[in-house]
Amino acid sequence: MAKIEDIFNNKVFSIPNYQRDYAWKDKNLEDLWDDLLESEQAINDQMSHFLGTIVVAPNKNDKNIYDIIDGQQRSTTLFMLRYALNYKTARPERDLNKFLDNNDNYRLQVIDDNKEFFDKILEQARNGKLNNNLENEIKTKGHRNLFEVYKAIYSKINNIEPDRARKLLDILDKMSLMWLEEGNSGKAIRMFQTVNDRGVSLTILDKLKALLILYSNKYCLGELDDIINERFGKIFKIALEIEKHKAVYSFGDVQFVKEIESRIFNYHALGISKIGHYRNGVEAHYAELKSFLKNKEKNDEFKIWLDEYSLDLVNFFESFLNILKLTEINTEAFKTLCVLRINPLFYNALIRLKMNNILDDECLKLFSQAHICLYSLGNTNDSTAFKLAEVANSKQDFKERIIKDCKTCIKRTGYNNIEDFIEDISSDNYEWGAYHYMFLEQQNIDIDSLWQLIEEKIYSFTKEHIIPKNTIENGSLANYGFKDEEDFEKYKNSFGNLVPLERKLNSANLDKSLAEKRENFLKSKLLYNVIFANQENYLLFNRDSIIKRNKEFKEWSKIFFKDFL
């Protein structure tokens with residue numbers, strides 16, 4: 001156990017670039033501030049207040065610098081708070097040596113991406129006021145967190161008197177951290193595996209990094225320690241890029257964006273021999289990995305496996321990001337991933353194809369066709385989707401497997417062949433999950449126009465009936481060419497009577513006649529709707545028009561599924 005002043009006042013610390021970015025929030029500062037106020041009010045201060053743990057190792061290039069292996073979040077926040085309190089005292093210059101080394105550099109060296117911004121954060125303490133323009137310079141989530149936490153610090157200390165600032169700083173310096181020092185950085189990270197920083201709980205990737213370094217250090221003489229560190233540093237940065245990408249909300253379910261690291265770890269694990277299984281979740285896959293490493297023979301092949309696994313994980317994350325970026329420029333990628341939103345059990349195969357430089361428009365379309373056949377016919381085929389990763393090394397094998405699996409699935413669902421399936425979906429498209437993808441696939445829409453269809457972060461168009469659903473109730477069946485109610489029910493939900501439309505416009509069209517709907521069709525961002533509403537014969541749309549559109553859709557669908565016929 002060591003006091004804050006004994007730890008930070010005379011040493012220099014570095015946060016390695018492979019570490020996570022600064023992640024504390026206002027709530028974490030509140031906890032620290034409450035600890036400080038509690039100590040201020042304590043009658044007996046003989047027992048110093050315990051704040052947590054710091055795990056360090058000497059820097060390989062400069063033994064006078066300590067790398068912070070664990071505790072960087074708390075250390076950074078403590079530095080900012082102590083620095084700000086010092087500048088509220090009567091003579092701040094007297095204790096600057098607590099914060100600056102002999103070269104007038106900060107005793108805490110943050111990651112490279114934050115150094116310039118961190119200095120500007122602390123400049124606010126020197127100037128005694130917030131710099132609101134600094135918010136415009138925020139480039140990363142780490143910058144945002146530094147900005148918000150310091151703003152919270154400023155709100156706490158802005159109005160305190162110099163004497164109280166001195167008192168609070170002295171109390172803070174007497175608080176304690178558990179100091180864990182290890183001469184070898186790999187062994188220090190092994191310590192980290194057993195430490196839980198109260199402010200930010202360990203993620204699956206934190207635990208995975210520590211686990212791999214543990215085995216590197218224990219069985220490979222630590223030869224992979226730095227390599228694994230650097231790779232995970234890259235993974236953390238890629239995960240942040242993924243989180244910021246505009247297509248991320250279209251992947252997985254609504255929780256995906258909050259669980260990016262664990263989800264992608266899980267998608268990756270699905271493709272690892274002797275570990276992955278489609279029924280396993282994150283924790284189950286992590287447990288399988290731990291068991292695999294424990295039982296694997298510890299020889300030269302073990303070191304090769306660790307090296308190849310960690311490299312493969314980096315490449316997997318990078319390829320996932322590249323697929324997100326592909327949706328910006330590629331219409332097939334956009335429709336497959338942002339409109340149809342294929343099942344995540346396809347992701348391992350999808351990313352493997354990307355990693356192998358095989359993924360192209362034909363492969364993307366095959367994924368869409370597989371999703372339609374495996375998940376849009378009223379059944380699920382998780383095992384079949386999961387096993388596609390087995391053939392991700394060859395486009396020909398991949399194509400043959402998908403076509404074979406889809407044909408099998410179609411027959412298992414009760415259809416004799418793909419033609420029966422096409423006939424069925426054209427007759428009743430309203431409840432069918434793949435409608436929007438098929439409609440947009442049939443159109444020739446450029447990528448910029450497709451992105452305009454994204455509302456509130458995801459594609460959320462609904463299905464609009466051209467001839468209104470209340471045609472029977474309002475007595476206009478004959479006006480639209482229907483013989484009777486049964487005739488109308490036959491065509492009401494068919495492809496020919498549906499168009500995609502924005503949710504708000506769909507609501508505005510409720511129970512309106514074809515003539516009354518025209519105004520809202522013209523407001524749509526989908527050009528098809530605008531062109532349709534501007535046609536001279538728009539008001540003549542009727543039963544025959546629906547039949548014609550159904551026929552065109554069926555003929556197009558046969559071309560779309562030509563490899564499955």
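Look up: the structure comes first, before these words.
Since we're looking at a predicted model, the values are computed, not measured.

1. Examining a negative patch on the surface
Judged by side-chain charge, Glu 419, Asp 420, Asp 424, Asp 428 and Glu 431 come together as a negatively charged surface patch. Looking at the element boundaries, Asp 420 is found in helix α18 (residues 418-427). Residue Asp 420 is classed as partly exposed on the basis of its relative accessible area of 32%.

2. Overview of helix α17 (residues 395-413)
End to end, α17 covers 27 Å across 19 residues, agreeing with the expected 27 Å (1.5 Å per residue, within 8%). Residues Phe 398, Lys 399, Ile 402, Ile 403, Asp 405, Cys 406, Cys 409 and Ile 410 constitute the buried set of α17. On its buried side, α17 packs onto α14 (347-355), α15 (361-375), α16 (382-386) and α18. Looking one or two residues beyond α17, the residue adopting positive phi is Gly 414, at roughly 120°.

3. Comments concerning a nonpolar patch on the surface
Taken together, Met 1, Phe 50 and Met 178 make up a surface patch of nonpolar side chains, about 330 Å² in accessible area. Here Met 178 shows up in strand β6 (residues 176-181). The class of Met 178 is partly exposed, set by a relative accessible area of 34%.

4. Description of the sheet that holds strand β3 (residues 50-58)
With mixed pairing, the six strands of this open sheet are ordered in space as β1-β6-β3-β4-β2-β5. Of all strands in the sheet, those bounded by a partner on one side alone are β1 (2-3) and β5 (108-109). Of the pairings in the sheet, the one linking β1 to β6 comprises two bridges and is antiparallel in character. Bridging across to β6, Ala 2 finds its partner in Leu 177.

5. Quick word on the packing of α15 against helix α19 (residues 435-442)
Packing of α15 against α19 brings their axes to within 11 Å, and their N-to-C directions diverge by 145°. In the crossing of α15 with α19, the sense of the turn from one axis to the other is left-handed. Contacts between α15 and α19 involve Lys 365, Ser 368 and Ile 372 from the first element and Tyr 437, Met 438 and Glu 441 from the second. Split into classes, the residues belonging to the contact of α15 with α19 amount to three nonpolar, one polar and two charged.

6. Examining the environment of Ser 250
Mapping Ser 250 onto the fold places it in the loop between α9 (225-244) and α10 (260-269). Separated by 74 residues in the primary sequence, Ser 250 and Leu 324 have C-alpha atoms spaced 9.7 Å apart. What Ser 250 contacts, discounting residues up to four positions off in sequence, is Leu 337, Cys 338, Arg 341, Lys 457 and Ile 458.

7. Quick look at the nonpolar core
Soluble globular proteins: nonpolar side chains tend toward being buried together. By size, the foremost hydrophobic cluster in this structure holds 112 residues, and its most contacted members are Leu 208, Ile 242, Leu 293, Phe 320, Ile 372, Phe 421 and Phe 561. The element that contributes the greatest number of residues to this core is helix α12 (residues 300-329), accounting for 13 residues. Excluding its chain neighbours within four sequence positions, the residues that come into contact with Ile 372 are Leu 340, Leu 377, Phe 421, Trp 432, Ala 434, Tyr 437, Met 438, Phe 560 and Phe 561. Counting 53 residues, the second-largest nonpolar core is a separate cluster that includes Leu 32, Leu 36, Ala 84 and Ile 153.

Analysis parameters
- Residues numbered from 1 in each chain as written.
- Predicted model: local features only at pLDDT ≥ 70, side-chain atom pairs only at ≥ 80, totals over all residues.
- Heavy atoms only, no water.
- Patch = residues over 30% accessible without salt bridge, like charges linked within 9 Å, V, L, I, M, F, W, Y side chains within 5 Å.
- Areas by Shrake-Rupley, 256 points an atom, 1.4 Å probe, with all protein chains shown as cover.
- Salt bridge = Lys/Arg side-chain N within 4 Å of Asp/Glu carboxyl O.
- Lys, Arg positive; Asp, Glu negative; His and termini not counted.
- Charge placed at Lys NZ, Arg CZ, Asp CG, Glu CD.
- Helix = DSSP H or I, 4+ residues; strand = E, 2+ residues; numbered from the N terminus.
- Buried < 20%, exposed > 50% of the residue type's maximum accessible area, 1.4 Å probe, protein only.
- Expected span 1.5 Å × (residues − 1).
- Contact = heavy atoms within 4.5 Å.
- Pairing = 2+ DSSP bridges.
- Axes fitted to C-alpha atoms, helices over the stretch in contact; angles between N-to-C directions.
- Left-handed = near helix turned anticlockwise from the far one by under 90°.
- Nonpolar A, V, L, I, M, F, W, Y, C, P; charged D, E, K, R; others polar.
- Core = buried A, V, L, I, M, F, W, Y, C linked by side-chain atoms within 4.5 Å.

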